[in-house]
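Observations on the three-dimensional arrangement
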Amino acid sequence: MLPNELCKLAMEAMGHAYAPYSGFQVGAALLCADGSVYQGCNIENAAYSPTNCAERTAIFKAVYDGHRDFTAIAVCGGKGGVITGAFPPCGVCRQVMREFCGDDFRIYLVNDKGFETVTLAQLLPYGFTAGEHMSANE
Ligand code: THU
């Protein structure tokens, strides 16, 4: 799957957003190592903090289905579903990516002209994963 194709699937996923409070529609498309793709959208809530971002929706769907090895994610968003620039992942989503993905996990940020590529190492350097720091499960 080419980055451009993954970006198109993220744009399609935007249309599934449930965003009555912010009006920002966000879409994501996650590419698994085996080639399968999971799409996600933001799902808001009247209490605000239970809101789930598009990236986490896609990642949680994939993990539920048994995937833990991810290659890339495309993300796009904008007010009323109109893309005016890149919509970078929030800090919580970066941490969830860090749980499953390495430094070279690629994030394609869709903008009004195409997309730009960043790595997880760029978005979340010095990342924390429990496996590296805890022995509770050993
Ligand atoms: N949002 C995402 O879906 N992904 C991000 O990485 C940033 C924020 C959503 C949450 C909320 O529904 C809306 O965008 C405005 O913050």
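Up top is the structure these notes are about.
These notes cover the structure that comes with them. (Residues numbered from 1 in each chain as written. Predicted model: local features only at pLDDT ≥ 70, side-chain atom pairs only at ≥ 80, totals over all residues. Heavy atoms only, no water.)

1. Observations regarding the site of the ligand
Heads up, the condition is: One heavy atom within 4 Å of a molecule or strand is enough for the residue carrying it to be called near that molecule or strand. For this analysis, a polar contact is any N or O atom pair within 3.5 Å, provided that within protein one partner can donate a hydrogen and the other can accept it, and provided that sequence-adjacent residues contribute only side-chain to side-chain pairs. What sets the accessible areas is the Shrake-Rupley method with a 1.4 Å probe; for residues, cover comes only from the shown protein chains. Under the convention adopted here, Pro, Cys and the residues Ala, Val, Leu, Ile, Met, Phe, Trp and Tyr are nonpolar, Asp, Glu, Lys and Arg are charged, and Gly plus all remaining residues are polar.
Surrounding the ligand, one finds S22, V26, N42, E44, T51, C53, A54, E55, F87, P88, P89 and C90. A54 is positioned with one of its backbone polar atoms (N or O) 3.0 Å from an oxygen atom of the ligand. For the ligand, an oxygen atom lies 2.9 Å from a polar atom in the backbone of C90. In isolation the ligand has 370 Å² of accessible area, and contact with the protein removes 81% of it. A per-class count over the shell around the ligand returns 7 nonpolar, 3 polar and 2 charged.

2. What about the packing of aromatic side chains?
For the record, the criterion: Pairing of aromatic side chains requires ring centres within 6.5 Å, counting the rings of Phe and Tyr and the six-membered ring of Trp. Pairs whose planes differ by under 30 degrees are stacked, by over 60 edge-to-face, and all others tilted. To qualify as a helix, a DSSP run of H or I must reach at least 4 residues; to qualify as a strand, a run of E must reach at least 2; elements of each kind are numbered from the N terminus. For every residue, the accessible area (1.4 Å probe, protein chains only) is compared with the maximum for its type, and the residue is labelled buried under 20%, exposed over 50%, or partly exposed between those bounds.
Scanning the model with the defined rule gives 4 aromatic pairs in all. With 6.0 Å between their ring centres and 50° between their planes, Y21 and Y48 make a pair best called tilted. Of this pair, Y21 sits in the loop between α1 (3-14) and β1 (24-32) while Y48 sits in the loop between β2 (37-41) and α2 (54-64), and the two are 27 residues apart along the sequence. The class of Y21 is partly exposed, set by a relative accessible area of 42%.

3. As for the packing of α2 against helix α3 (residues 91-100)
Let me state the cut-off plainly: For helices, the axis comes from a line fit to the C-alpha atoms of the stretch in contact; other axes are also lines fit to C-alpha atoms, and the angle between any two N-to-C directions lies between 0 and 180 degrees. Should an angle fall under 35 degrees it is taken as roughly parallel, and over 145 as roughly antiparallel, whereas 65 to 115 is taken as roughly perpendicular and any remaining angle as oblique. Handedness of each helix crossing follows the sense of rotation of the near helix against the far helix: counterclockwise by less than a right angle gives left-handed, clockwise gives right-handed. Contact between two residues is taken to exist if any of their heavy atoms lie within 4.5 Å; hydrogens are not considered.
For the pair α2 and α3, interaxial distance at closest approach is 9 Å and the crossing angle is 25°. It follows from the interaxial angle that α2 and α3 lie roughly parallel. The element α2 and its partner α3 pack so that their crossing is left-handed. Across from E55, R56, I59, F60 and V63 in α2, the residues of α3 making contact are V92, C93, V96, M97 and F100. Of the residues that constitute the contact of α2 with α3, the class distribution is 8 nonpolar, no polar and 2 charged.

These results come straight from atomic positions and should not be treated as a statement about function.
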